[in-house]
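What follows is the residue order along each chain.
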Amino acid sequence: MPTFAIATLGCKVNTYESQNYLEEMREAGFDEVSFKERADVYIINTCCVTNTAASKSRQRIHQARKLNPEALVAIVGCYVQSLSPKQLLALQADVVIGAQGKGELVKRIQTALSQHKKESVHLEDARGIRVFESLSIHEFSHQTRAFLKVQDGCNQFCSYCIIPFARGAERSIDPLEAVRIAKNMAFHGHEEIVLSGIHTGRYGRDHGSSLLELLKLLIKETPPNVRYRISSIEMNEIDDDFISYMKGEERIARHLHIPIQAADNTVLKNMNRPYDVEWYLSRMKKIREAMPMISISTDMIVGFPSESEEQFEAALTRVHSDLKFSFIHCFPYSKRDHTAAAVMPGQISNAVKKERVHRLSALSDQLSHEYMSHFIGRTVDVIIEQEKNGLLFGHSSEYLPVYVKKVNVSGCRRLHVRIREFFEDGLLGEEMEDAS
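This report concerns the structure included in the present document. (Residues numbered from 1 in each chain as written. Predicted model: local features only at pLDDT ≥ 70, side-chain atom pairs only at ≥ 80, totals over all residues. Heavy atoms only, no water.)

## Describing the overall build of the protein
Next, step 1: Per the secondary structure count, the protein includes 13 helices and 18 strands.
Next, step 2: Whereas a compact globule of 436 residues would reach a radius of gyration of roughly 22 Å, the protein reaches 22 Å, a difference of no more than 12%.
Next, step 3: In terms of its C-alpha atoms, the protein occupies a principal-axis envelope of roughly 65 × 60 × 45 Å.
Next, step 4: Across the 436 residues in the protein, those meeting the buried criterion constitute 55%.
Next, step 5: Restricting the contact set of the protein to residue pairs at least 6 apart, pairs at least 24 apart contribute 72%.
Next, step 6: Only carbon and sulfur atoms are counted for the fraction: they give 49% of the accessible area of the protein, which is about 19300 Å².
Next, step 7: Distance between charge centroids for the protein: 3 Å, based on 54 positive and 57 negative side chains. (Helix = DSSP H or I, 4+ residues; strand = E, 2+ residues; numbered from the N terminus. Rg over C-alpha atoms; globule rule 2.2 N^0.38 Å. Buried < 20%, exposed > 50% of the residue type's maximum accessible area, 1.4 Å probe, protein only. Contact = heavy atoms within 4.5 Å. Areas by Shrake-Rupley, 256 points an atom, 1.4 Å probe, with all protein chains shown as cover. Lys, Arg positive; Asp, Glu negative; His and termini not counted. Charge placed at Lys NZ, Arg CZ, Asp CG, Glu CD.)

Given below as structure tokens:
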């Protein structure tokens, strides 16, 4: 039986797409092996959101060639789409797919194998893509959490971001198709479904719908044990109706990841972000008034062109004193071709960016500890994901990492857990009752 291996870089949308490739390759008669092993086919699902992601994409391509020089190498995704024809040819891949045509991957691999030759390389400009390509999957192997891609593309054009060039315009899955896939996931035992997209909060705007309407439909049509989580959403997409519905619907996880990217108004303006810090904070307070214990996490970029030390220090103070995120994903600014920020004056050295990431990460650790401390003595809803060192481990609705002493109920994966103390990278608790 021919073998294949997949390497996935980047976001949850890529994770979803790779699961589709995995299922379709198996159905076509291929046997999956580790990417560290010799295989007949290597699939690299690439990313280009940062220089590091692009570098790792290239490394995986070279790794595949080293493991088996005779293998067929297929490269897919954002990094592929961001390259010039000359750069693509230099990678010497056998099958090349950018932002469109991902549903044809397995067929094109089979054709290339049968004809013993590489494909010609020609990619259309991603910005012209308008049709959502639904890649259906059934399950994520051995996981209680599944990702459901409901949206693709972005029209925002933040000055630092290459994704609109790599992914194309905003487009959304048909709501009934989303329901069909979610039902399949629930049937295969997934008790949490993460709605994912490149700009998830703008779901449905291309066909007169909204993320809120999709959530209502999914909750109505899928089993009551399924919890829904939103992978990421912009603050200007969380209106009062969304807050009100979320407050009253326990099946929506009490966690919102809301990128702010910077906590300084001048930097935000230069980033082409559609808000200032004061407005973001006012909306944050409204969410917390409705759901006081909710987790609000964020993304932040440090070392954006012309960001001064004074601006960065003030941003740290604002994050610590007012915004108080539950955790922060910290990124150094990464200069990307085609973007407005790439030609801005005041580019900052890697050493300064690295030092600022270190300081912001330390603040994130502090804020995370403070947030988790509020749950000691409280009961949380945990979906068990795996066993670690004799303890059960999972995440609460608030995305708290929770360890639980093993319970006697066989097959129980949804627990009410009373939190007792900090433990390793999270919290330790004991089962109160079966929440299923």
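## A word on the packing of helix α12 (residues 309-323) against helix α13 (residues 350-373)
Next, step 1: With their axes 11 Å apart at the nearest point, α12 and α13 run at an angle of 5 degrees to one another. When the axes of α12 and α13 are compared, the pair comes out roughly parallel. Across the interface between the two elements, Glu309, Phe312, Glu313, Leu316, Val319 and His320 from α12 touch Arg356, Arg359, Leu360, Leu363, Gln366, Leu367 and Glu370 from α13.
Next, step 2: Of the residues belonging to the contact of α12 with α13, the class tally is 6 nonpolar, 2 polar and 5 charged. (Axes fitted to C-alpha atoms, helices over the stretch in contact; angles between N-to-C directions. Parallel < 35°, antiparallel > 145°, perpendicular 65-115°, else oblique. Nonpolar A, V, L, I, M, F, W, Y, C, P; charged D, E, K, R; others polar.)

## Notes on the sheet that holds strand β1 (residues 3-8)
The strands making up a sheet associate through hydrogen bonds between their backbones, and the pairing can be parallel or antiparallel.
Next, step 1: Taking strand neighbours across the sheet as the criterion, the 5 strands line up as β2-β1-β3-β4-β5 in an open arrangement whose pairing is parallel. The sheet is open, and its two borders are formed by β2 (31-32) and β5 (95-97), each paired with just one other strand.
Next, step 2: Two strands pair when backbone bridges link them, and β1 and strand β3 (residues 41-46) are joined in this way by 5 bridges, in the parallel orientation. Looking at the pairing, isoleucine 6 lines up with isoleucine 43 of β3.
Next, step 3: On the sheet, helix α2 (residues 51-67) packs against β1, β3 and β4 (72-77) and is oriented at approximately 175 degrees with respect to β3.
Next, step 4: Set on the sheet, helix α5 (residues 105-115) makes contact with β3, β4 and β5; between it and β5 the angle comes to about 160 degrees. (Pairing = 2+ DSSP bridges.)

## Points about the packing of helix α8 (residues 211-221) against helix α9 (residues 240-248)
To describe two helices that pack against each other, one gives the angle between their axes and the distance between the axes.
Next, step 1: Look at α8 against α9: their axes get within 10 Å of each other, and the N-to-C directions meet at 20 degrees. By the angle between their directions, the pair α8 and α9 is classed as roughly parallel. Handedness of the α8/α9 crossing: left-handed. Across from Leu211, Leu212, Leu215, Lys216 and Ile219 in α8, the residues of α9 making contact are Asp241, Phe242 and Tyr245.
Next, step 2: Grouping the amino acids of the contact of α8 with α9 by side-chain chemistry returns 6 nonpolar, no polar and 2 charged. (Left-handed = near helix turned anticlockwise from the far one by under 90°.)

## Concerning the packing of aromatic side chains
Next, step 1: Evaluation of the coordinates by the stated rule reveals 11 aromatic pairs.
Next, step 2: With a centroid separation of 5.5 Å and 85 degrees between ring planes, the pair formed by phenylalanine 157 and phenylalanine 165 is classed as edge-to-face.
Next, step 3: Judged by relative accessible area, phenylalanine 165 falls into the buried class, the value being 19%.
Next, step 4: Relative to phenylalanine 375, the ring of tyrosine 371 has its centre 5.2 Å away and its plane inclined at 65 degrees; by these criteria the two rings are edge-to-face.
Next, step 5: Classification of tyrosine 371 as buried rests on a relative accessible area of 12%.
Next, step 6: For phenylalanine 375, a relative accessible area of 2% gives the class buried.
Next, step 7: Through a chain of ring-to-ring contacts, the aromatic side chains of Tyr275, Trp279, Tyr280 and Phe325 assemble into a single cluster.
Next, step 8: Over the face of the ring belonging to tyrosine 245 we find lysine 216, whose NZ or CZ atom lies 5.4 Å from the ring centre.
Next, step 9: Lying across the ring of phenylalanine 393, lysine 388 places its NZ or CZ 4.1 Å from the centre. (Phe/Tyr/Trp six-rings, centres within 6.5 Å; stacked < 30°, edge-to-face > 60°. Lys NZ or Arg CZ within 6 Å of the ring centre and 35° of its normal.)

## Remarks on the side chain of arginine 167
Next, step 1: Within the secondary structure, arginine 167 is located in helix α6 (residues 163-167).
Next, step 2: Assessed through its relative accessible area of 1%, arginine 167 is described here as buried.
Next, step 3: A polar atom in the side chain of arginine 167 sits 2.9 Å from the side chain of glutamate 17.
Next, step 4: With sequence-adjacent residues up to four places away left out, arginine 167 is seen in contact with Val13, Asn14, Glu17, Cys78, Ala99, Lys102, Ala126, Lys149, Asp152, Gly153 and Ile198. (Polar contact = N/O pair within 3.5 Å; in protein donor to acceptor, adjacent residues only side chain to side chain.)

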